Amino acid sequence: MRILITGGAGFIGSNFVQYINKKYPDTFICIYDKLTYAGNLENIKSLLEKPNVVFEREDICDKISFSKALKTHKIDTIVHFAAESHVDRSIKDPDAFIKTNILGTYTILECLRENPEIRFHHVSTDEVFGALPLDEPEIKFSETTPYDPKSPYSASKASADHLVRAYIHTYGIKGTISNCSNNYGPYCHIEKLIPLAITRAISNESIPVYGSGMQIRDWIYVEDHCHGIDLILEKGKIGETYLFGGNGEKPNIWIIKEILKALGKPESLITYVEDRKGHDLRYAVDYSKAKKEPVSYTHLTLPTKRIV
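Residues numbered from 1 in each chain as written. Predicted model: local features only at pLDDT ≥ 70, side-chain atom pairs only at ≥ 80, totals over all residues. Heavy atoms only, no water.

Colleague: Outline the sheet that holds strand β3 (residues 53-57), supporting the account with residue identities and numerical values.
Modeller: Taken together, seven strands build an open sheet; the order of strands is β3-β2-β1-β4-β5-β6-β10 and the sheet is parallel. The open sheet is flanked by β3 and β10 (241-244), the only strands paired with a single partner. Ignoring which end each strand starts from, the neighbouring axes of this sheet average 20° apart. Pairing between strand β2 (residues 28-33) and β3: five bridges, direction parallel. Its bridge partner being in β3, tyrosine 32 is matched across the sheet by glutamate 56. (Pairing = 2+ DSSP bridges. Helix = DSSP H or I, 4+ residues; strand = E, 2+ residues; numbered from the N terminus. Axes fitted to C-alpha atoms, helices over the stretch in contact; angles between N-to-C directions.)

Colleague: Lay out the pairing of strand β6 (residues 174-180) in plain terms, naming residues and giving numbers.
Modeller: Summarising burial for β6: six of the seven residues are buried, a large majority. Judged from the seven bridges that link them, strand β5 (residues 119-125) and β6 form a sheet pairing that is parallel. Bridge pairing in β6 links phenylalanine 120 to glycine 175. Relative to β10, β6 runs parallel, the two sharing four bridges. Within β10, the position partnered with cysteine 180 by the bridge is phenylalanine 244. (Buried < 20%, exposed > 50% of the residue type's maximum accessible area, 1.4 Å probe, protein only.)

Colleague: Before we move on, could you go through the packing of aromatic side chains and cite the residues and values that matter?
Modeller: Evaluation of the coordinates by the stated rule reveals ten aromatic pairs. Centroid distance phenylalanine 16 to tyrosine 19: 6.4 Å. Interplanar angle 10°. Geometry classified as stacked. Placement of the pair is phenylalanine 16 and tyrosine 19 together in helix α1 (residues 11-23), with a separation of three residues, close to one helical turn. Assigned by exposure class, phenylalanine 16 and tyrosine 19 land together as buried. Centre to centre, the rings of tyrosine 167 and tyrosine 171 are 4.8 Å apart; their planes meet at 50°, and the pair counts as tilted. Here tyrosine 167 pairs with tyrosine 171, and both are found in helix α5 (residues 152-171), just four residues apart, close to one helical turn. Judged by relative accessible area, which is 8%, tyrosine 167 ranks as buried. Since its relative accessible area comes to 39%, tyrosine 171 is described here as partly exposed. One cation-aromatic arrangement involves arginine 217 over tyrosine 283; the distance from NZ or CZ to the ring centre is 4.0 Å. (Phe/Tyr/Trp six-rings, centres within 6.5 Å; stacked < 30°, edge-to-face > 60°. Lys NZ or Arg CZ within 6 Å of the ring centre and 35° of its normal.)

Encoded structure:
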């Protein structure tokens, strides 16, 4: 396998790079990243001197550069992580989300039209499905849940998903899609909930909590997510979508209070602030399809020891 990983210096992308290098040490890896604020070379520094790993600082919206990378490195597999991903940023300035998440994905798909032999996997989010009611815990997102994005971020990811499906159907590209719940683990950017709470608590700074903090998210450890993607590449059916979750639904305020407890910090550090515009109340993922063939995902339920 000769794999190109977009967004490979970001949070989930860099974990996937590390995962692939560890499991398949002879695999050629091209890490393709623009290095925006969310990309960090320190995440992949240990790999950059390896003869089978190359790094390209490029924008996925640049078709000439992307197409050149595919040919130069004789790529046969692409895993597409590159995306603007912070909801608050998308509300304040949606422009970058439209360009990267929609036009960037379109650029990659156009290159795949010219290289139909390349295997392609598109990494998406459960946020494309909108929100679930707090008082009906039995309801969860599945692969058949209608799309109902609520923020510019989720709308841009939904648009990218639809483009991928259209190119699979219309042009026959060899693509798959996965939609995953909230990830946590190494290299997570400090603007995200868990690292933000940890760093502020360590510094005895106030920790902002939207509204009541009772918004529920499903959490999955990032390495489990990476393993799921690996299994899709190996066993997934072309044209199919798979959902990944961690069976780890927790209210945001519970996460923060557990962090404070673990660090021996007072709950007085919590500061309740005005809720985010259009804030989704609950996400939960039914990943039963991924438990069945062709993807063997049965052991990826979130281990208790990994819950904060």
